[in-house]
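Given next are the chains, with one letter for each unit.
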Amino acid sequence: MTPVMTPLGSALEHYVLLATVLFALGGAGFLLRRNILVQLMSIELMLNATNLLLVAYNRSHSSSLHGQMFAFFIIAVAAAEVAVGLAIVLSFYRLKSTISSDAADSLRH
Amino acid sequence: MTLGAFFFGACSVICVVGALVTILAQNPIRGAMGLLTTIAGIAGLFLALEAQFLAAIQLIVYAGAVVVLFVFVIMLLGPTAGAGRIGEEARARYAPWFSSVLFLGVMGFAMALVGGANTTLTSFAPSELGYGSIEAFGKLLYSEGLVPFELTTALLTVAVVGAIAVVRSAPGKKPVRRLKSATRRMFGGPVEPRDAARSGLLPAQVNDKESTL
């Protein structure tokens, strides 16, 4: 197995690795933080990593543009998700006077 | 080191640093700025991947709308937006790092497996003519992707209406007041004399009572 030196950023694997790291960071932030706003931002990070992966694979199979179209729809859905999510955060703050997700335990009792 | 390699390296470093700032910053405003940095880096990578339209959309939608919405909400919440410090609970201290390291390990193992079979990285072939241009993208979006596109329109409309509905309904205030007035109407007359002037319900009856007393 001879290592072939490809320039950085000209191979699919580089993008896959970067998207994996970004997704793992987003997942860690979602699980690590108790601040709902930061958790929403972590979800955005994960969606962005997925978008990057879709666009990179589409560049690798460049006979069609379906991957980019899918990334476009993901961006639209993420915008809708943020609008509703932030509205829920504001409503939650009015109910509990905090935005720590540990306070969202009304269904537990 | 070619220019493309330098561009990829710079963008990926920007992305990872921005992501780290996002998840580790105690102040959510700094987190939003980290998210903005990551989004800009990913837009740069989209440019490198010949997705010019998506790079523009990424900047317009994410940097122009999503991050601004986050900053608005953070400023609306004020000092309470900084709640939920890192590592408040023991179970929240190790499990996330463990799970993300596990995820990275599994992904690295899978990539090593595939790479071991190939022994070479899959370099990008030169793209076809018109790849990633707005013309090609629009043709695909309005032919094959027409139904999802229209559904996305409906989704965005419903999301906006839903967001307004969720924010406008103050929890625990209006329903209680409506219930009180309903019971009052049902059982006739104000419970306390001082409510007579306020509610305007059956003032004649109250006056009759007072006159008989």
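Residues numbered from 1 in each chain as written. Chains lettered and ligands numbered in written order. Predicted model: local features only at pLDDT ≥ 70, side-chain atom pairs only at ≥ 80, totals over all residues.

## Points about the overall build of chain B
Each helix and strand counted, chain B has nine helices and zero strands in total. Looking at chain B residue by residue over its 213 residues, the buried ones come to 21%. Excluding contacts between residues fewer than 6 apart, the proportion of contacts in chain B whose partners are at least 24 apart in sequence is 41%. (Helix = DSSP H or I, 4+ residues; strand = E, 2+ residues; numbered from the N terminus. Buried ≥ 20, exposed ≤ 12 C-beta atoms within 10 Å, placed from the backbone. Contact = placed C-beta atoms within 7 Å.)

## Examining the interface of chain B and chain A
Opposite the 82 residues of chain B that make contact, chain A presents 68 residues. Of all the secondary-structure elements, those providing two or more residues to the side of chain B that touches chain A are helix 1 (3-24), helix 2 (28-48), helix 3 (52-77), helix 4 (91-118), helix 5 (134-143) and helix 6 (146-168) of chain B. Broken down by element, the residue count for the side of chain B that touches chain A peaks at twelve residues, all from helix 1 of chain B. For the side of chain B that touches chain A, the residue count by class is 57 nonpolar, 22 polar and three charged. (Nonpolar A, V, L, I, M, F, W, Y, C, P; charged D, E, K, R; others polar.)

## So, the nonpolar core
In this structure, Ala19(A), Leu22(A), Leu37(A), Leu52(A), Val55(A) and Phe46(B) are the most contacted members of the largest nonpolar core, which totals 64 residues. The set of elements that each furnish at least two residues to this core consists of helix 1 (12-32), helix 2 (36-60) and helix 3 (66-96) of chain A together with helix 1, helix 2, helix 3 and helix 6 of chain B. With 14 residues, helix 2 of chain A is the single largest residue contributor to this core. There are two domains that each give this core at least three residues, and those are domain 1 (1-80) and domain 2 (133-169) of chain B. Discounting residues that sit within four places of it in the chain, Leu22(A) has contacts with Leu45(A), Asn48(A), Ala49(A), Cys15(B) and Ala19(B). (Core = buried A, V, L, I, M, F, W, Y, C linked by C-beta atoms within 7 Å. Domains from an automatic or database assignment.)

## Focus on the domain arrangement of chain B
Domain annotation of chain B identifies domain 1 (1-80) and domain 2 (133-169). With centres defined by C-alpha atoms, the gap from domain 1 of chain B to domain 2 of chain B works out at 23 Å.

## Details of helix 2 of chain B
Its 21 residues give helix 2 of chain B an end-to-end C-alpha distance of 30 Å, which sits within 8% of 30 Å, the value for a rise of 1.5 Å per residue. Downstream of helix 2 of chain B by a residue or two, Glu50(B) has a phi angle that is positive, lying close to 60°. (Expected span 1.5 Å × (residues − 1).)

## Concerning helix 3 of chain A
An α-helical turn contains 3.6 residues, so a residue and the one three or four places further along point in the same direction. Here helix 3 of chain A spans 44 Å end to end across 31 residues, near enough to the 45 Å set by a 1.5 Å rise per residue. Where helix 3 of chain A terminates, the next one or two residues include Ser97(A), which has phi positive at roughly 60°.

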